[in-house]
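Listed here are the chains, written in short residue letters.
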Amino acid sequence: QVQLVESGGGLVQAGGSLRLSCAASVNIFSLVDMGWYRQAPGKQRELVATLTSFGSTDYGDFVKGRFTIFKNSTKNTLHLQMNNLKPEDTAVYYCTAAEPGIGHSWGQGTQVTVSS
């Protein structure tokens, strides 16, 4: 089962930017799809963005063009570029990946806090 390690979270002011990274223990191009989810206190985990092995992307409705999901083949990492952050984006962000015949794996999460 693939191991995923997120990084890049932190504290940022509203309107600022962060880039999250997810390092995988296997070649990311061998994975069916990868993505980012988030969970705020007292709320359910929700989709932020996904990227399939074919290059198709999907974003949560709240993203509205502010976030971009992409892979770095050289570093074997998945990224989430987040711009124009809002206080309501505060949450723990999780990286996820699906392997053929195995299913989904999750990272430990990285905290993103946006101050107003």
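Above this text is the structure in question.
First things first, this report covers the structure right here in the doc. Bear in mind that the values here come from a model prediction, so they are computed numbers and not experimental data.

On to the pairing of strand S8 (residues 77–82). Most of S8 is tucked away, with six of its six residues classed as buried. A two-sided burial pattern is seen for S8, the buried positions comprising Thr77, His79 and Gln81 on one face and Leu78, Leu80 and Met82 on the other. With six bridges joining them, strand S3 (residues 18–24) and S8 adopt antiparallel strand pairing. Looking across to S8, one finds that arginine 19 is bridged to glutamine 81. Examined bridge by bridge, strand S7 (residues 67–72) and S8 share six bridges and lie antiparallel to one another. Looking across to S8, one finds that phenylalanine 67 is bridged to methionine 82.

A few words on the side chain of threonine 77. Inspection of the secondary structure puts threonine 77 in strand S8. The class for threonine 77 is buried, based on a relative accessible area of 9%. Setting aside chain neighbours within four positions, we find threonine 77 in contact with Cys22, Ala23, Ile28, Phe70, Lys71 and Asn72.

On the basis of which strands lie adjacent, the open sheet formed by four strands has the order S1-S3-S8-S7 and antiparallel pairing. Either end of the sheet is taken by a strand with one partner, and the two such strands are strand S1 (4–7) and S7. Neighbour-to-neighbour, the strand axes of this sheet turn through a mean angle of 20°, independent of strand direction.

Scanning all chains against the criterion turns up one aromatic pair. Taking the centre distance of 5.2 Å and the plane angle of 65° together, the rings of tyrosine 37 and tryptophan 106 count as edge-to-face. Of the two residues, tyrosine 37 sits in strand S4 (residues 33–39) while tryptophan 106 sits in strand S10 (residues 103–106), which places them 69 residues apart along the sequence. Directly above the aromatic system of phenylalanine 62 lies the positively charged group of arginine 38, at a separation of 3.7 Å from the ring centroid. Across from the ring centre of tyrosine 94, 3.8 Å away, lies the NZ or CZ of arginine 45, which sits over that ring.

With 28 residues, the main nonpolar core has Met34, Trp36, Leu80, Met82 and Tyr93 as its most contacted residues. Of all the secondary-structure elements, those providing two or more residues to this core are S3, S4, strand S5 (46–52), S7, S8, strand S9 (91–99) and strand S11 (110–115).

A full pass over the atoms with the stated rule returns one disulfide. Across the disulfide from cysteine 22 sits cysteine 95; the S-S distance is 2.1 Å. Negative torsions about the S-S bond denote left-handed disulfides, and the value of about -80° found for cysteine 22 with cysteine 95 makes this one left-handed. In this pair, cysteine 22 is assigned in strand S3 and cysteine 95 in strand S9, connecting sequence segments 73 residues apart.

Cut-off values and rules
- Residues numbered from 1 in each chain as written.
- Predicted model: local features only at pLDDT ≥ 70, side-chain atom pairs only at ≥ 80, totals over all residues.
- Heavy atoms only, no water.
- Buried < 20%, exposed > 50% of the residue type's maximum accessible area, 1.4 Å probe, protein only.
- Helix = DSSP H or I, 4+ residues; strand = E, 2+ residues; numbered from the N terminus.
- Pairing = 2+ DSSP bridges.
- Contact = heavy atoms within 4.5 Å.
- Axes fitted to C-alpha atoms, helices over the stretch in contact; angles between N-to-C directions.
- Phe/Tyr/Trp six-rings, centres within 6.5 Å; stacked < 30°, edge-to-face > 60°.
- Lys NZ or Arg CZ within 6 Å of the ring centre and 35° of its normal.
- Core = buried A, V, L, I, M, F, W, Y, C linked by side-chain atoms within 4.5 Å.
- Disulfide = S-S within 2.5 Å.

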